[in-house]
Each structure stands twice: as structure tokens, then as C-alpha cells.
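# Structural description and commentary
Residues per chain are reported as follows:
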Amino acid sequence: MMNIAQMQEQRLKALQLTGSGAPKLPSNPFFGVGPITDATTDEVDSRLRRIAFDAWIEKTYRKFDDRGNDIGGFTTAEISRSMHRGYPADKILTDMMRAIHRYFHFPKTNRMAVGLGGGHSGFTVCVQHLMNANDASQRVYVDTPQPESDLSRAAGFFRQSWATQLIEMQRFAEKGCESRIHFAVSEGVIPTAAELSALGVSIFVGVGHETTGANAYTSAEIHELLSWIDGDPANRHAVFDATSMLGAMPWEPELVDAVMAKCCLFMPFQKAIGGVSGYFVASFTSHALALIEKNQQDPAWAIPRQLKIAPPIDPKLPLSAKRSVDAGPFYDAAEDRMLGGVINTYSALAFAETTFGLLQSEARVGSVVELNRRSATNRKVIDEWVKSHPMLSLTVTDAERRGAAVTLLKVEDDGITDPGIHARIIARSKQLLGYEGITHPNGEYEPGLDAARYVNAFPGTPGDYRAWVGGIRQPEDIVALLENLQYAYLRAKIVVLEEELAKNGVVFEAPTKTGDGVRKDDPARAYAVLIADLVGLRFGADGRPDHSEIKAYIEKKGGVFHLGPLGERSALEKGRIHFFYQPNLSTEAEILPQTDKGQYDALIAAATFIPKDSVFPLGGVRIGAGTGNMGSASWGGGNGEGGEAPLMNTPGINSRATAQMAMKAILRVVPDLPVGRLHRMVAGGDFDTGRQLKDFPTAKLEGRKIAVLGYGNIGREVAKLAKAFGMKVAIYAREHHKRWIEAEGFEHAASPVAAATGADVLSVHIGLGRLDAARGVYSNAGTVDAKVFDVMNDAAVLVNYDRGEVVDAAALDEALSTGKIAHAAIDADLFKDAATGRLSGPMLPYLPLEERHKGRLELLPHAAADTDHPSRVTGAKQAVDQVFDVIRFKSVTNLKGDLPEGYVSVGSRTPAGIGKVTKQVVTEVGGKAELLDELRQASEKVAAIVGTLSSVSDPDHRNRIIDRYTGLLVESADRQRALLDQFSLYGPAEE
């Protein structure tokens, strides 16, 4: 027993070894499966696989009326509650047997039986039918030591159970004799052909490798066994438990094929995708089938009905009739048909699962040859890993005998010599490997890793961990498993040692909880932030734009709000962030004297252009999406590239306001009903509805096509509003966005011309793009040109509430002249020099057009996005939050461009329902348990009804479903949509 100092030393060492945290998780935590498994990575993947299985069932197994008409597919629900005979159960069984026979390369000369139970039942079937106590000359060799002998002590319970069954069958048979059974001197060893011949053996039973799965036969042993069989194939038979061997035979393919052809094999197949019923299959050579026929003429024991593979030929005479394998539950590959079936009401669905699982495995892994090769590769991966990690060792020391399906590991820890403590550590490590987790004596809880479930060694078997690592696994999964085993052992060791130390009076303090983050600002310093634009657009009682909401918000967060410029910095209160509000700053001459020496640490701006030589060492935030006006070299200019401070924005804040203004511009002219004229006529009593209404024809928006250029926050909002009006929406965006555009029900266009073809309305939202510094031109300038206008419908409408430069004004002039464009709405910056009255800005090229096309242009001074008070306040509040985070924690939200050294990006933030759906949004959804449960119920009802309608072909049956469930479908779909809207789960996902 260790003393306190030794335990403390061992604990500290384990803490050091696990200080870097848990290793990477395997893709799938289940390590107790065989060669057929769904191999799903998590609960979602598993549910999707189940859905895919349901669809496969409906597609594969169809219903036909007596005229041969297809009237729909069988569903899993129907099959699960149907009987095990007739159609489609018989076909399902035949399909499974065919799939197993084909995939694992069983030869057509061998028949394959199917029965209830797992591998143990398969073993019983083989032994009961091949071994006969009435044949005094028959000798059996089993490759495991005699039960309860000294040699069998390390064999474990299961190995001994196989051998015990052989003994009991001989012991309790009338003519039985235990001496006819020869036992191995060590586990899983095959004698030479000469030795087997000398013993007079006629049946070799191979079970030793399976019960740990960790050891296999050598190639030389298999050659000897096959040589022994070839010496007298009619009278010599080998029977293997292939549970671990199948798909994990580490020999050359030709030798594998020989084993499949010349030996009998039995194996369970109950784990296709979590099958509801356990069953086995067993292959028999033609010589073995002949022996079974012979044994049934003089049976030594009764065989249970569900295990009988040689049933009576005449079912009216179950006891005295002749029995034959030709009536048994065999698949005959030569004739591709089942001889008989299996007794199990629930078997059909499990059989179908196996077939589906095999097809999935074949698609994922490849042929059984590839499966065997991958198994052997994984064995090498384990060998190499263990060589460099002495804490874990392999219980099978002979590398050639080491199994390729299962690994059996034991912990080598010189610091733990007490078997009881060792067993406790192993038990606790499995809690951590699973989902339970472990709790320290001080109350600290370590959540379960969910890295490896079902890694228990069989009872009595040497070793601490047992895991299936066959060819269904990728090598990186094997490494992840081993690293998690080691990590979990060390963490469990810490807990168990702490428990032992606690018994000796050692106290461990409870863990202290930390806040949201570590402050990185200097408490001895005052920080100054310039607000260079309005933060409220609604007029207050003083007749000026009201900034009171932002002032209160800053003060609530612990900041200080100042009206006017920064004065003496030394007078500012230390440890606080001070905001200086100067919304009237406009020109470079006004801004530079206050900002050229880094007087302010950070900036909040909206429309004001910030000069290159302005210095803001800790960053800037633009209220809105575009950052072209943020020219400071501190963050590398408007693209935010190459600077020492982060550039941020508040995307989506004014997206809805801009989109609504764009729709207002469209609705001014489409439908083109002259509302003002009609109002005047009606008000003046100068209108007769019955006689004059025909003189004012119009056309609604519904059915017309709108081309939206850009799938950013504004473009998407315009598309959603247009769709609500019943318009056909085509969106031009990069190919990367196609899946999301189409998922929302819009058409994706690969180019502006493709989007504009046949369009009645064009709305532009692509931004200026990147600046070509050499030419001083933005990449999206002039995107909307003559080619775009030419493919639109005549008398179309253009809305450019984006940037003035993205439209070629000369091309627009021509389109207005020809009537291709009937109306244009432009929203662009226009600046006027107070001293000279000179105009500048991207609106200039449009001014002459208004003169030439009177009444057909609507010109706004970039007001669509920047005149909505709630949007500006929301954006300003978010900008304040971003400034607080960047100063206090060096954390950057909505990064634009490069992330400077020393900062961390924490992702994006947009208003609910605007922009991309982030992981944070889904995280918040996951915390709303009641609403989430309601969404699940609504979604499952929709899926159940839609799935049924999809699977039913018979019109009468479909109409019954429609009559019964239309109300529930519509109600559930409406509720589902409402909840998805409430959760803001519509739109492209953040990737």
C-alpha cells in the first residue's frame, strides 16, 4: 500500500500528463460492434441513418395488387408488426442471406443456415448437428484448455462455456463419452495436420480466438488445418466462431477464400443498425451437410425447434418422419433461394437492417477483401502506438497471433500495485470514457468524454480494456481510442488517489469559478472613444437628434458619456471607458487635428469618411455593413487588411430598413395604378366605377421576376419581401451560396446577366467590392451595365440602394431612353462643400439623367439605410458592446479583414433572423427546452404524414390518409414554420 507522499507524487504526475486536456475523440464512441455496423458518428447521424433505412425499405419492398399494379411501399412500421412468413418477409430473408453470402465470399457450394439467438446459438447448432454421441469413432478437438483446469484459468468465462457445452452434451447423452473430446494445451492454437490425424480427430472446433477476439490463428496454422481437411474432406470438418474473424482475417486473400470454402463458420448478425432481434447465420460445406443428414437418421439428442436445421420432411410426423437439410432454414446460393425459413415474429425487420447495413458498409469501406486489409492495417497501427506508449500493453504478445478484429489491452502502471485500487481506477476510467463522467472528492465534476463505450474485457479474461477495432474503423479513430483510454485512466487515477488521500485527512479545495473572460485592459488607464456620427435619428424635445438612449446604455455598462471633444486625458477617471460624442464631424480638416496622434483609442462611425492618417490604436466599428468609409491606416483602410488594430462592423442592423425602402421604391411604380390621379377624381366626385375603371388597367407584382444581385443581409431581405409578394426571385451570388439560396426557395444565377434575364425588377446589393489600389477602382464598379439591361424585360424597374458606382450611369441613360428601364430609384452619397457649394460623391453621374428623363428617376442622398431611428440605435448599442469587448478582453466581434496579433475573433453577431444562422443561434435554441420539444413534435408529425404520403401509391389509401390527417399536417407545418421563424433558423448557415 502506498503512503501519503507516494500517492501525492503519483497524483501530481498524472495531473502533469493530462494537463493539456482531453485528446481528440473518435468519430464513433461504440467499440463493441462486429463487421456490420451503421458506423454513425452521433445521435443525429444515427437518426438520419434510420430515416435512410425507412426510405430504403419503402423503395425496395413494394406492394402489388393481384393485377401487378404497384400500390406503394411497405413501411418499417408495417414490417415490424407483420408476421415472419409470406411476402415481403420471405423476400427480406432471402435478400439478407444473399447479401451476406455474396459480400463475405462464401462459395456457392456451401449452404448457409439462419436461426435465433447470437453466436452462442450458432455454436450450439453446429455442434448439435455435426457431433453425434452415437458414433463411438468420432473424435472432437477444441482449441481451448479443458474447463476448470489450471491451463484454463486465464481463459475467461466465455471460453470455458464453449468447451463446457461440448462436455455436457457428451456427458448427458446415453452413449456419450467425454474422452472423445481433445482439449488444447493453450488458447487458440491449431495442431499440425499430422497431430490431428494421429488423434483421430474428425471435427475441429475453433472457439478460442473469439471470446477475447484479441488473438488469431497464424497463417501456418491455417495451412496445417486445411491440409488436414484435404486429407479426408468427406470425414474431416472444421467449425469456427467467425464473430471476430469475419472481415478481419489477417491472411492472404487466397487463404481466406480457402477457409470460407472448406470450413464451417457461425456468427451473429444482430447489430446491423441496432436490430431488434438477435439471430445467427452458419455456413456448412457440402460434406458437413452430408454428415448432418447422416446424424439425423440416428440422433443422439433432441434439438430445439428454433435451432433445428434438419427439420422433418413431413410436418405431420415431427418425430418419426425423415429429417433433411433440404427442408431446413438454408440459403442455397447455387439456386438463389431459401429452403425453409426462420421462426421469429420480429426477424423480418432485423434481416432488412442487416441487408441495408451491409450495403452501407460496402459503399463506405469497399469489398470484404478491403475490409480484411483495413483490419490488418489497424492491427499495425495499434502495434506501433503501443510501442511508443508503455502505459498500455497488449495481452497477446505474439504479434502474428494478435487478432485484427479486437484489441485487448492492459495497463502497465508501476505506481499502482494494489489490485483493488487498480480495479477502481479501471472502473472509474470507463465512467469517464462513457457519458457518466467522474466527480472528485472536492465536488469538481469532469463530464464524460463519450469517447469509448463497451470496452469491457470479458469476465475472467486478462486485460483491462477490450475494443473492436476491425476494418470498419479508420486508423485515426484507432489512435484516438488509444489516446482516450490512456487519458481516461490517468484522470481516473487522480480521482481514486484523491479519495484515498481524503481518507488520510488530505483536503482538496473546491474549484473556483471564473467569469466570462480575463480582463486585459489596464485599470490604471483611462480609455477614450470617438463617436463621429449620430447615434439617434429621432428628434428630442430640444429639436435635435436624440442621443439619450446610447448615453444611458454606455453608463449602464460602466462607461462615461461626454458631449464634445476630448480635452485633457489626465483628467479622465482611470479604469473607465470614456465616449466622446461629436456627430457633426465631417471633413478631413475637422477630423485630423483630433485624431492624427492617436488621441482616441477607438472609433465608432457610420457615414463619416475617416481619413487614412487618423490613428485609433485599439480599433474601430462602423455602424452598418460596408466599411469603405473607414479609411484609417490603423486597420489598413476600408478592407481592414494589414493594420495593427481590428476593424469591425454591425452587419444586418439596417438591412430590413433598407429592404423595406427598396420595396417602397418598387411599389411606387408597380403596380402602376395612378393612385394620386384616382384620388383626385374620386375626391372631386368625378368618377364612375362601373364605366371608367376599365380605363386604368394594371398588373400586380405576383408572378413577375425580380433579379437580386447579392446574397448579403440586405439582398436576402429584399428577396424574402419579394417572395412574400409572390414574385419569382433570382439571386446572383457566388457558387458557394447556391445551396442556401436554393434551400430558401430562390433561383440561383451564376452571373448578373443570368439573374437579369427576363426580369421585371432589378435590385442591387453587391457592395463596391475590393479596391484595386493601382487603378483606384472597386471590383464591382459598373457591374450593372448595358449587357444586364439588354436582357431585362421592357419597361423594367431598377433599384440601386447599394452604392452609386455599381451601376454604369451611361448604360442606364441609354436604357431609360429606349424604354428598357421605365423607372430607376438611386440612393447614393452626395456631398456639398459649404464654402464653394461644389457637389461631389457617387450621386453626381445620375444628376444629368434626372434632367433628361424627368419623373422617371427617384434620387435619394444615401438615406434608405441611415434614416431609421431604431436601426441606428440598435447599431450604436452593438458598436458600444464591441468597443467594450475589444478594449477589455481583446475580443473582436464581426471582424472585417485581418485579425491583428493579440486579439481573438469571437465570430459574428447580427439581429435575430438577419444574415447567417450561427452556431451561437443554434446554441440558444438548444437551451429553450419547452419550445424545442414543441418544434420536435411538430416536425415529427409533419415527417410522419409526409413520409406516409410519399410511400403510398394507392389513390384510395392516400385519400384516407388525406382525409384523416390534413388538419394535423397543416397545423403542424404552420407551427413548425412559426417556431423556426422564432428561433431564427432560416437562412444560410455560418461555415
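The structure reproduced in this document is the subject of the present report. What you see as residue numbers is a count from 1 along each chain, following the sequence as written. With the structure being a predicted model, the display of local features is reserved for residues of pLDDT at least 70 and the display and counting of side-chain atom pairs for 80 or more, all residues being used for whole-chain, interface and lining totals. To obtain the side-chain values, all non-hydrogen atoms of the structure were included, while hydrogens and water were left out.

### Digging into the overall build of the protein
Only runs of H or I of at least four residues qualify as helices and only runs of E of at least two qualify as strands under DSSP, and these elements are numbered from the N terminus. Along the backbone of the protein there are 29 helices and 35 strands. Its C-alpha atoms give the protein principal-axis dimensions of roughly 120 × 85 × 50 Å. Here the term buried applies to any residue with accessible area under 20% of the maximum for its type, exposed to any over 50%, and partly exposed to those in between, with areas from a 1.4 Å probe on protein chains only. Each of the 991 residues in the protein was classed as buried or not, and the buried ones make up 51%. Residue contacts follow a heavy-atom distance rule, with two residues in contact if any of their heavy atoms lie within 4.5 Å. Long-range contacts, defined as pairs at least 24 residues apart, comprise 68% of the intrachain contacts of the protein with a sequence gap of at least 6. Within the structure as shown, the protein displays about 45400 Å² of accessible surface, and the carbon and sulfur contribution to it stands at 53%. Under the counting rule used here, the positive set is Lys and Arg, the negative set is Asp and Glu, and His together with the chain ends is not counted. Charged groups are reduced to one reference atom each: NZ for lysine, CZ for arginine, CG for aspartic acid, CD for glutamic acid. Taken together, the 109 basic and 123 acidic charged side chains of the protein have centroids lying 2 Å from each other. Working definition of accessibility: Shrake-Rupley area with a 1.4 Å probe, residue cover restricted to the visible protein chains.

### Here's the deal with the nonpolar core
Ranked by internal contacts, the top residues of the largest apolar core, which has 69 residues, are Phe104, Val114, Leu225 and Phe240. Setting aside chain neighbours within four positions, we find leucine 225 in contact with Ile190, Leu196, Phe204, Ala238, Phe240 and Cys263. Side-chain atoms within 4.5 Å link the members of a nonpolar core, which is a set of buried Ala, Val, Leu, Ile, Met, Phe, Trp, Tyr and Cys residues. The next biggest cluster of nonpolar side chains, apart from the first, holds 43 residues, and it includes Met2, Ala451, Ala492 and Leu497.

### Some details on helix 4 (residues 89-103)
By definition here, a helix of n residues has an expected span of 1.5 Å times n minus one. When the terminal C-alpha atoms of helix 4 are compared, their 21 Å separation across 15 residues agrees well with the 21 Å that a helix rising 1.5 Å per residue should span. The element helix 4 is largely enclosed, with a buried count of 11 among its 15 residues. The complete set of buried residues in helix 4 reads Ala89, Ile92, Leu93, Thr94, Asp95, Met96, Met97, Ala99, Ile100, His101 and Tyr103. Just downstream of helix 4 lies histidine 105, where phi reads positive at about 65°.

### Re the packing of helix 17 (residues 655-667) against helix 20 (residues 713-724)
A fitted line through C-alpha atoms serves as each axis, taken over the contacting stretch for helices, and the angle formed by two N-to-C directions is quoted from 0 to 180°. Contact geometry for helix 17 and helix 20: axes closest at 8 Å, N-to-C directions at 50°. The angle between helix 17 and helix 20 falls in the class oblique. Viewed along their axes, helix 17 and helix 20 form a crossing whose handedness is right-handed. Residues Ser655, Arg656, Thr658, Ala659, Gln660, Ala662 and Met663 of helix 17 form the contact with helix 20, whose own contacting residues are Asn713, Ile714, Glu717, Val718, Leu721 and Ala722. Small angles under 35 degrees read as roughly parallel and large ones over 145 as roughly antiparallel, with 65 to 115 read as roughly perpendicular and the rest as oblique. Throughout, a crossing is termed right-handed when the near helix is turned clockwise from the far one, and left-handed when it is turned anticlockwise from it by less than a right angle.

### Observations concerning the side chain of aspartate 827
Along the chain, aspartate 827 turns up in strand 30 (residues 821-827). One side-chain nitrogen of Lys or Arg within 4 Å of one carboxyl oxygen of Asp or Glu is enough to make a salt bridge. Buried and without a salt bridge, aspartate 827 has arginine 803 as its closest oppositely charged side chain, separated by 9.1 Å. We define a polar contact as two N or O atoms separated by no more than 3.5 Å, with the added condition that, inside protein, one atom must be a possible hydrogen donor and the other a possible acceptor, whereas residues neighbouring each other in sequence contribute only through side-chain atom pairs. Only 2.6 Å separates the side chain of aspartate 827 from the backbone nitrogen of histidine 862, close enough to count as a polar contact. Of the polar contacts made by the side chain of aspartate 827, one reaches the backbone nitrogen of alanine 864; its length is 3.1 Å.

### Digging into the sheet that holds strand 22 (residues 647-649)
Strand pairing follows a simple DSSP-based rule, namely that at least 2 bridges must link the two strands. Overall, parallel pairing links the six strands, which are arranged 18-19-17-20-21-22 in an open sheet. Looking along the sheet, the strands with just one partner apiece sit at the ends: strand 18 (560-563) and strand 22. With strand direction ignored, the average angle separating the axes of adjacent strands in the sheet is 20°. Here strand 17 (residues 527-531) pairs with strand 20 (residues 602-605) via three bridges, running parallel. For valine 529, the partnering residue across the bridge sits in strand 20 and is alanine 602. Of the strands in this sheet, strand 17, strand 19 (577-581), strand 20, strand 21 (620-622) and strand 22 are in contact with helix 26 (residues 869-888), which crosses strand 19 at around 140°.

### Details of the sheet that holds strand 13 (residues 406-411)
Hydrogen bonds between backbone atoms are what pair the strands of a sheet, whose relative direction is either parallel or antiparallel. One open sheet accounts for three strands, arranged 12-13-16; its pairing is antiparallel. Strand pairing shows two members of the sheet lacking a second neighbour, strand 12 (392-394) and strand 16 (465-468), which therefore form its edges. Within this sheet the neighbouring strands show an average axis-to-axis angle of 35°, counted without direction. Alignment of strand 13 against strand 16, held across four bridges, turns out to be antiparallel. Looking at strand 16, one finds that threonine 407 is bridged to alanine 467.

### Looking at the layout of surface pockets
The method works on a 1 Å grid over the protein atoms by themselves. A cavity is a set of points holding a 1.4 Å probe that cannot get out, a pocket is an open set with protein on both sides within 12 Å along at least five of seven lines, and residues with an atom within 4 Å of a point line them. Grid points are joined across faces, edges and corners, and a volume is the space filled by probe spheres set on the points. Computed from the structure, the second largest pocket encloses a volume of approximately 1100 Å³. Forming the walls of the second largest pocket are 30 residues, and the residues nearest its centre are Ile51, Asp54, Glu940, Ala943 and Ala944. When contributions to the lining of the second largest pocket are tallied by element, the ones reaching two or more residues are helix 2 (43-60), helix 3 (76-80), helix 28 (929-951) and helix 29 (955-983). Sorting elements by how many residues they give to the lining of the second largest pocket places helix 28 first, with nine residues. Each residue gets one of three labels, nonpolar for Ala, Val, Leu, Ile, Met, Phe, Trp, Tyr, Cys and Pro, charged for Asp, Glu, Lys and Arg, and polar for the others, Gly among them. For the lining of the second largest pocket, the residue count by class is 12 nonpolar, eight polar and 10 charged.

### Focus on a nonpolar patch on the surface
Side chains of Val44, Leu48 and Ile51 sit close together on the surface and give an oily, nonpolar patch of about 300 Å² of accessible area. Locating leucine 48 in the fold gives a position in helix 2. Nonpolar side chains (Val, Leu, Ile, Met, Phe, Trp, Tyr) within 5 Å and like charges within 9 Å form the patches, drawn only from residues with over 30% relative accessible area and no salt bridge.

### Remarks on the packing of aromatic side chains
Describing an aromatic ring pair means giving the distance of the ring centres and the angle of the ring planes. Aromatic pairing here means that ring centres of Phe, Tyr or Trp (its six-membered ring) are within 6.5 Å. Orientation follows from the plane angle: under 30 degrees is stacked, over 60 is edge-to-face, and everything else is tilted. Evaluated as defined, the whole model comprises 19 aromatic pairs. Seen from their ring centres, tryptophan 162 and phenylalanine 266 are 6.0 Å apart, and the 45° between their planes marks the pair as tilted. With tryptophan 162 in helix 6 (residues 157-171) and phenylalanine 266 in strand 8 (residues 264-268), this pair connects stretches of sequence that are 104 residues apart. With a centroid separation of 4.8 Å and 85° between ring planes, the pair formed by tyrosine 279 and phenylalanine 351 is classed as edge-to-face. Pair noted here: tyrosine 279 is in strand 9 (residues 279-284) and phenylalanine 351 is in helix 11 (residues 347-365), with a separation of 72 residues, a long-range link. Residues tyrosine 279 and phenylalanine 351 agree in their burial class; the two are buried. Among the aromatic residues, ring-to-ring pairing joins Phe53, Trp56, Tyr61 and Phe356 into one connected group. Note on geometry: a ring has a charge over it if NZ (lysine) or CZ (arginine) is within 6 Å of the ring centre and within 35 degrees of the ring normal. Lysine 63 extends its terminal NZ or CZ atom over the ring of phenylalanine 74, reaching a point 5.5 Å from the ring centre. Between lysine 723 and the ring centre of phenylalanine 746, over which it is positioned, the NZ or CZ distance is 5.4 Å.

### Details of the side chain of threonine 407
As for its placement among the helices and strands, threonine 407 is situated in strand 13. If sequence neighbours within four positions are ignored, threonine 407 has contacts with Ile382, Leu394, Tyr465, Arg466, Ala467 and Val469.

### Quick word on the environment of asparagine 3
Following the sequence through the fold, asparagine 3 ends up in the segment before helix 1 (4-17). Along the chain, asparagine 3 and glutamate 500 lie 497 residues apart, while their C-alpha atoms are 9.9 Å from each other. At 2.7 Å, the side chain of asparagine 3 and the backbone nitrogen of glutamine 6 are in polar contact.

### As for the pattern of salt bridges
Applying the stated criterion across every chain yields a total of 48 salt bridges. Note that lysine 387 and glutamate 384 form a salt bridge whose closest N and O atoms lie 3.3 Å from each other. Linking lysine 387 with glutamate 384, this pair stays in helix 12 (residues 368-388), spanning three residues, or about one helical turn. Put simply, Arg424, Arg428, Glu499, Glu500 and Lys503 are held in one network by salt bridges that share partners.

### Quick word on helix 16 (residues 588-595)
When we look at burial in helix 16, the residues that qualify are Ile591, Leu592, Gln594 and Thr595. Considering only its buried residues, helix 16 is in contact with strand 17.

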